Amino acid sequence: MVKVFIYPATSLILSDMVARFGHTPLSSAVAIRERIQTPGLESPPLQITPEEPKKGLKWAAVEVPAGVRGRMSLYGPMVEAAEAAIIINDADFSFGCMGCARTNELIKFLLREKKIPKLDLNYPKNEEEGVQFVSAIKTFLTDLGGAK
Amino acid sequence: MTAYTPTHVGTVTKYVIVESFEITPADLAVRGYEIAEGAMIKETCFGLVINGKEEEVDRIIAELRKADPDHIFVKDRGFPPGDARRCRANLGGARPGYHGIEHEMTVIPYVSYGLEQIKKRDASAIPHPENPREQPVLAIEKLKKLMEAQES
């Protein structure tokens, strides 16, 4: 099984497709779950503590806002662990606040810098595009090999 | 600062989202309750939220998927069902993360259709979708025509 980073990291469609075709999706839920299930100091709602922006320094410079660095402490380890990536380019709903938007840009930049197989797509807008979308993902994931 | 003691440690939570003309979340919930051995299952308007040991959750999902494999979608969730930090009942308004699912639910019928069709069609005959990163290059012939049209 290959670890596949999905962008948007919360995508239901990509998460399902990657798992359906036998690989492991790296999504934000997995990183959040890790924090939610770790004892420590109460820091609701996501258990993001002041330690996270410090950890984020590995992927973003010190002058980058703490919001971006904090988010990168969730996504950075997953980008590093990723062995492949599927990126949807027109996921406008993931824009969010400026912290999310800048983090998204940084994630995409780090993925493009990384020498791993990548698949760039847009969301399908009709049935025929849906067939092409699913077929492209299936071919990409099958070519990775090692499916469960 | 208050100490934080997590609950449901060592469990996973997954959404099962239904987009089907034949199966409703209630049907799936009943089937889920029948086969569950200790997992927590919550029925929602869009499907189910299942919490339990990973093997148990995967077993239930594999069984539920058989009902309509191309129209049932699964996704991980960080929080357990009904967690006060995320649950709409405590916060009011849409649950954070709902808008993402809402947007993808508009696209999912095309994906379901795609999943049905790839079983019937020859994969090599299906064209690859356009790469959104490739900038379309203006063909020389087209440029020439544009220039001629401008000059005349």
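All of these numbers come straight from a predicted model, not from anything done at the bench.

### A look at the confidence of the model for chain B
For chain B, the average pLDDT comes to 92, and 100% of its residues sit at 70 or higher. As scored by the predictor, the complex reaches a pTM of 0.91 and an ipTM of 0.92.

### Some details on the layout of surface pockets
Roughly 1,000 Å³ of volume is contained in the largest pocket. Around the largest pocket, the lining is made up of 36 residues, and of these A:T10, A:S28, A:Y75, B:R86 and B:G97 lie nearest the centre. Every element with two or more residues in the lining of the largest pocket is listed here: β1 (3-7), α2 (28-36), α4 (66-81) and α5 (98-113) of chain A together with β5 (72-77) and α4 (98-120) of chain B. Examining the composition of the lining of the largest pocket, we find that five residues originate from one element, α4(A), more than from any other.

### Things to note about the nonpolar core
In terms of nonpolar packing, the biggest core is built from 35 residues, with A:I13, A:M17, A:I86, A:F133, A:I137, A:L141 and B:V111 touching the most fellow members. Of all the elements in the fold, those that place two or more residues in this core are β1, α1 (12-20), β4 (84-88), β5 (118-121) and α6 (127-144) of chain A together with β2 (12-18) and α4 of chain B. Ignoring anything within four residues of it in the chain, the contact list for B:V111 reads A:I13, A:M17, A:P124, A:F133, A:V134 and B:F73. A:A60, A:M78, A:L110 and A:L111 belong to the second-largest nonpolar core, a separate cluster that totals 25 residues.

### Looking at the packing of α6(A) against α4(B)
With their axes 7 Å apart at the nearest point, α6(A) and α4(B) run at an angle of 65° to one another. When you trace α6(A) past α4(B), the crossing you get is right-handed. Mapping the contact onto sequence places A:E127, A:G130, A:V131, A:F133, A:V134, A:S135 and A:K138 in α6(A) and B:Y110, B:V111, B:Y113, B:G114, B:L115, B:Q117 and B:I118 in α4(B). For the contact of α6(A) with α4(B), the class distribution of residues is eight nonpolar, four polar and two charged.

### Some thoughts on the pattern of salt bridges
For side chains bearing opposite charge, pairing can occur when the charged atoms are close. Residue and element names in this part refer to chain B. One pass over the structure, following the stated rule, counts 18 salt bridges over all chains. Between E56 and R59 there is a salt bridge whose closest N-O contact spans 3.2 Å. Residue E56 and its partner R59 are both found in helix α2 (residues 54-65); the two are separated by three residues, about one turn of the helix. Owing to a relative accessible area of 12%, E56 belongs among the buried residues under this scheme. Here D70 and K119 are joined by a salt bridge, their closest N and O atoms 2.8 Å apart. Of this pair, D70 sits in the loop between α2 and β5 while K119 sits in helix α4; the two residues are 49 residues apart in sequence, bridging distant segments of the chain. What makes D70 buried here is its relative accessible area of 10%. Through salt bridges with shared partners, one network takes in R31, E34, E63 and K66.

### Comments concerning the sheet that holds β5(A)
Residues and elements named next belong to chain A. An order of β2-β1-β4-β5 is seen for the four strands of this open sheet, with the pairing classed as parallel. If you trace the sheet from one side to the other, it starts and ends with β2 (24-26) and β5, each paired once. The sheet shows a mean angle of 25° between the axes of neighbouring strands, taken without regard to direction. Sitting on the sheet, α4 touches β1 and β2, and the angle it makes with β1 is about 135°. Along the sheet, α5 contacts β1, β4 and β5; its crossing angle with β1, the most-contacted strand, is approximately 140°.

### A look at the interface of chain A and chain B
Contact residues are listed per partner, giving 47 residues for chain A and 47 residues for chain B. Here chain A packs against chain B, burying approximately 4,100 Å² in sum over the two surfaces, 64% of which is carbon and sulfur. For chain A, the biggest contributors to the area lost against chain B are A:L12, A:R33 and A:Q37; these three give 17% of the whole. Seen at the junction of chain A and chain B, the total is three salt bridges. Ionic pairing is found between A:E128 and B:R121, a salt bridge with its closest N-O pair at 3.0 Å. Where chain A touches chain B, the interface holds 19 residue pairs in polar contact (both at pLDDT 80 or more). Put simply, the parts of the chain that give the side of chain A that touches chain B at least two residues each are α1, α2, β3 (40-41), β5 and α6 of chain A. When grouped by side-chain class, the residues that make up the side of chain A that touches chain B number 22 nonpolar, 14 polar and 11 charged. Judged from the two bridges that link them, β3(A) and strand β1 (residues 3-4) of chain B form a sheet pairing that is antiparallel. Looking at β1(B), one finds that A:G40 is bridged to B:Y4.

Cut-off values and rules
Residues numbered from 1 in each chain as written. Chains lettered and ligands numbered in written order. Predicted model: local features only at pLDDT ≥ 70, side-chain atom pairs only at ≥ 80, totals over all residues. Heavy atoms only, no water. pLDDT = per-residue confidence, 0-100. 1 Å grid on protein atoms, 1.4 Å probe; cavity = no way out; pocket = protein on both sides within 12 Å on 5 of 7 lines; lining within 4 Å. Points joined across faces, edges and corners; volume = space filled by probe spheres on them. Helix = DSSP H or I, 4+ residues; strand = E, 2+ residues; numbered from the N terminus. Core = buried A, V, L, I, M, F, W, Y, C linked by side-chain atoms within 4.5 Å. Buried < 20%, exposed > 50% of the residue type's maximum accessible area, 1.4 Å probe, protein only. Contact = heavy atoms within 4.5 Å. Axes fitted to C-alpha atoms, helices over the stretch in contact; angles between N-to-C directions. Left-handed = near helix turned anticlockwise from the far one by under 90°. Nonpolar A, V, L, I, M, F, W, Y, C, P; charged D, E, K, R; others polar. Salt bridge = Lys/Arg side-chain N within 4 Å of Asp/Glu carboxyl O. Pairing = 2+ DSSP bridges. Buried area = accessible area lost by both parts, 1.4 Å probe. Polar contact = N/O pair within 3.5 Å; in protein donor to acceptor, adjacent residues only side chain to side chain.

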